[in-house]
Amino acid sequence: MSEALVAVEAAGTDASVPEASGARQFWRRLRAQRAALVAAAVVALLVLVALAAPLLTALEGQDPTTYHPSLIDSARGGVPTGSIGGISADHWLGVEPQTGRDLFARLVYGARVSLGVALAATVVQVAIGVAVGVGAALGNRWVDQLLSRATDIIVSMPLMIMSLALLAIVPSSFPRPVLVTLVIGLIAWGNIAKIVRAQTLSLKGLDYVAAARLSGWGAWRIARRELLPGLAAPVITYAALLVPTNISVEAALSFLGVGVKPPTPSWGQMLTAADVWYQAAPQYLLLPAGALFITVLALTVLGDGVRTALDPRAASRLRVGTGRKDDRGAEDAKSAKSDKEATA
């Protein structure tokens with residue numbers, strides 16, 4: 001809290017009221033968007049499934065790595081025996097062609113990898129982007145030029161090509177999920193650094209930041225106490241939209257064979273092996289593809305809802321179920337009532 005805000009608080013004004021009011025307004029705007037609430041429920045369910053994967057597979061009595069050769073028809077090239085890909089009371093979603101591994105177990109454990117890699121990579125991107133952006137905005141001209149040019153280089157790098165190159169040369173003994181997380185996080189932080197730098201430059205000109213600087217605060221204290229709270233909204237918004245992108249990148253890398261390696265399950269890895277089985281065992285392709293589609297869609301809708309709730313002036317890109325039409329109608333009615341009272 002700057003000295004200017006301390007003076008306001010000493011005069012009898014509670015400086016924490018606007019912050020609490022802003023939080024309440026955010027939740028109220030988010031709750032008004034039905035699509036965002038449904039997406040949040042879907043994301044919460046997916047996270048719960050990923051966390052409870054050992055419990056769910058224990059209930060089924062299976063695990064994601066055990067082979068079941070007795071459930072495979074070797075005479076037909078490894079097609080699962082039984083109806084609908086081997087679905088039974090012991091295998092709720094059937095078994096994997098050629099190996100007989102349980103599909104339900106691999107699907108829920110694959111959620112752990114896909115969601116975990118995407119979330120961890122987003123944290124790495126946000127941490128580096130915020131540090132570089134704030135450092136460029138608060139540093140002198142040479143620091144700003146150095147960090148800005150480094151950011152431009154990172155932004156110009158093609159993510160998929162650089163990821164393929166780095167993942168191909170790293171020894172296979174290195175934990176693959178950790179490697180994929182680091183590669184995505186260390187290559188794709190440029191855009192958030194640019195956003196943070198621009199926002200920090202605009203915040204530097206505000207009165208409370210100037211008051212803090214005149215009071216003798218250092219750059220680190222100003223950044224921590226005055227700038228970071230103002231950067232929360234754009235950073236959270238961009239991070240919410242980064243998660244579905246990172247899930248797609250992880251799935252693409254695993255699909256191309258340079259991501260997560262067997263026997264660790266991953267949705268992208270499952271799609272890699274399923275492309276030749278879509279006729280004989282269609283659920284082997286449809287299950288991971290459907291899980292990826294639902295996850296990316298839910299995270300995208302939720303990210304758009306968070307963006308709209310944090311910045312009500314920005315119209316939502318998703319008109320269905322956002323409740324923005326009702327909000328505009330209420331605002332128009334309130335404005336008309338105020339005009340009528342003023343005229344009277």
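Residues numbered from 1 in each chain as written. Predicted model: local features only at pLDDT ≥ 70, side-chain atom pairs only at ≥ 80, totals over all residues. Heavy atoms only, no water.

**Observations regarding the overall build of the protein**
Broken down by element type, the protein carries 14 helices and two strands. Sorting the 344 residues of the protein into buried and exposed places 39% on the buried side. A total of about 18000 Å² of accessible surface is found on the protein, and carbon and sulfur atoms cover 66% of it. (Helix = DSSP H or I, 4+ residues; strand = E, 2+ residues; numbered from the N terminus. Buried < 20%, exposed > 50% of the residue type's maximum accessible area, 1.4 Å probe, protein only. Areas by Shrake-Rupley, 256 points an atom, 1.4 Å probe, with all protein chains shown as cover.)

**Overview of the nonpolar core**
In this structure, Ile247, Trp267, Tyr284 and Leu292 are the most contacted members of the largest nonpolar core, which totals 31 residues. At the level of secondary structure, the elements contributing two or more residues to this core comprise helix H2 (16-31), helix H3 (34-51), helix H5 (103-138), helix H11 (219-255), helix H12 (267-274) and helix H13 (282-310). It is H13 that contributes the most residues to this core, nine residues altogether. Among all residues touching Trp267, those that are not within four sequence positions of it are Leu107, Gly110, Ala111, Ser114, Pro288, Ala291, Leu292 and Thr295. (Core = buried A, V, L, I, M, F, W, Y, C linked by side-chain atoms within 4.5 Å. Contact = heavy atoms within 4.5 Å.)

**Section: the pattern of salt bridges**
With the rule as written, the count across this model stands at six salt bridges. Linking Asp144 and Arg197 is a salt bridge whose minimum nitrogen-to-oxygen distance equals 2.9 Å. Within this pair, whereas Asp144 is found in helix H6 (residues 141-156), its partner Arg197 is found in helix H9 (residues 190-204), the two being separated by 53 residues in sequence. Ionic pairing is found between Asp152 and Lys194, a salt bridge with its closest N-O pair at 2.6 Å. (Salt bridge = Lys/Arg side-chain N within 4 Å of Asp/Glu carboxyl O.)

**Remarks on the confidence of the model for the protein**
Caution applies to low-pLDDT regions: their predicted coordinates should not be interpreted in detail. Of all residues in the protein, 84% attain a pLDDT of 70 or more, and the chain-wide mean is 81. In the model of the protein, helix H1 (residues 3-10) stands out as the element of lowest mean pLDDT, 38, in contrast to H3, which has the highest, 94. For residues 320-329, every residue scores under 50 in pLDDT, and the model assigns this stretch 17 contacts once sequence neighbours within four places are set aside. (pLDDT = per-residue confidence, 0-100.)

**Looking at unusual backbone geometry**
The backbone of Gln98 sits at a positive phi, close to 75°, despite the residue not being glycine. As for its placement among the helices and strands, Gln98 is situated in the loop between strand E2 (79-80) and H5. In this structure Gln98 comes out as exposed when scored by relative accessible area, which is 57%.

**Details of the environment of Glu226**
With respect to the helices, strands and loops of the structure, Glu226 is situated in helix H11. By relative accessible area, Glu226 is classed as buried at 4%. Spatially, the C-alpha atoms of Glu226 and Lys204 are 9.4 Å apart, while their sequence positions differ by 22 residues.

**Things to note about the environment of Ile294**
Within the secondary structure, Ile294 is located in helix H13. Accessibility expressed as a relative area gives 44% for Ile294, which makes it partly exposed. It is 9.3 Å that separates the C-alpha atoms of Ile294 and Ala39, two residues lying 255 residues apart in sequence.

**A word on the packing of aromatic side chains**
Ring pairs (aromatic) are described by centroid distance and by the angle formed between their planes. Tallied over the entire structure, the rule returns two aromatic pairs. An angle of 55° between the planes, with centres 5.0 Å apart, marks the rings of Trp92 and Phe104 as tilted. Pair noted here: Trp92 is in the loop between E2 and H5 and Phe104 is in helix H5, with a separation of twelve residues, a long-range link. With a relative accessible area of 38%, Trp92 lands in the partly exposed category. The ring of Trp142 is capped by Arg141, whose NZ or CZ atom sits 4.6 Å from the centre of that ring. Sitting over the ring of Trp217, Arg221 keeps its end group 4.1 Å from the ring centre. (Phe/Tyr/Trp six-rings, centres within 6.5 Å; stacked < 30°, edge-to-face > 60°. Lys NZ or Arg CZ within 6 Å of the ring centre and 35° of its normal.)

**Details of H11**
When the terminal C-alpha atoms of H11 are compared, their 45 Å separation across 37 residues is substantially less than the 54 Å that a helix rising 1.5 Å per residue should span. Along H11, the helix axis deviates most sharply at Leu227, where the bend reaches about 50°; the proline Pro229 sits within four residues downstream. Phi turns positive, to about 90°, at Gly257, one or two residues after H11. (Expected span 1.5 Å × (residues − 1). Bend = angle between axes of the 7 residues up to and from the residue.)

**Quick notes on the side chain of Ser266**
Structurally, Ser266 is set in the loop between H11 and H12. Residues within four places of Ser266 in sequence aside, it is in contact with Gly110, Val113, Ser114, Glu250, Ser254 and Val260.

**Re the environment of Pro265**
With respect to the helices, strands and loops of the structure, Pro265 is situated in the loop between H11 and H12. With 156 residues separating them in the primary sequence, Pro265 and Tyr109 have C-alpha atoms 6.3 Å apart. Ignoring any residue separated from it by four or fewer positions in sequence, one finds Pro265 in contact with Pro64, Arg106, Tyr109, Gly110 and Val113.

**So, the side chain of Thr122**
Relative to the assigned elements, Thr122 resides in helix H5. Separated by 2.8 Å, the side chains of Thr122 and Asn246 make a polar contact. The residues contacting Thr122, other than those within four sequence positions of it, are Ala239, Leu242, Val243 and Asn246. (Polar contact = N/O pair within 3.5 Å; in protein donor to acceptor, adjacent residues only side chain to side chain.)

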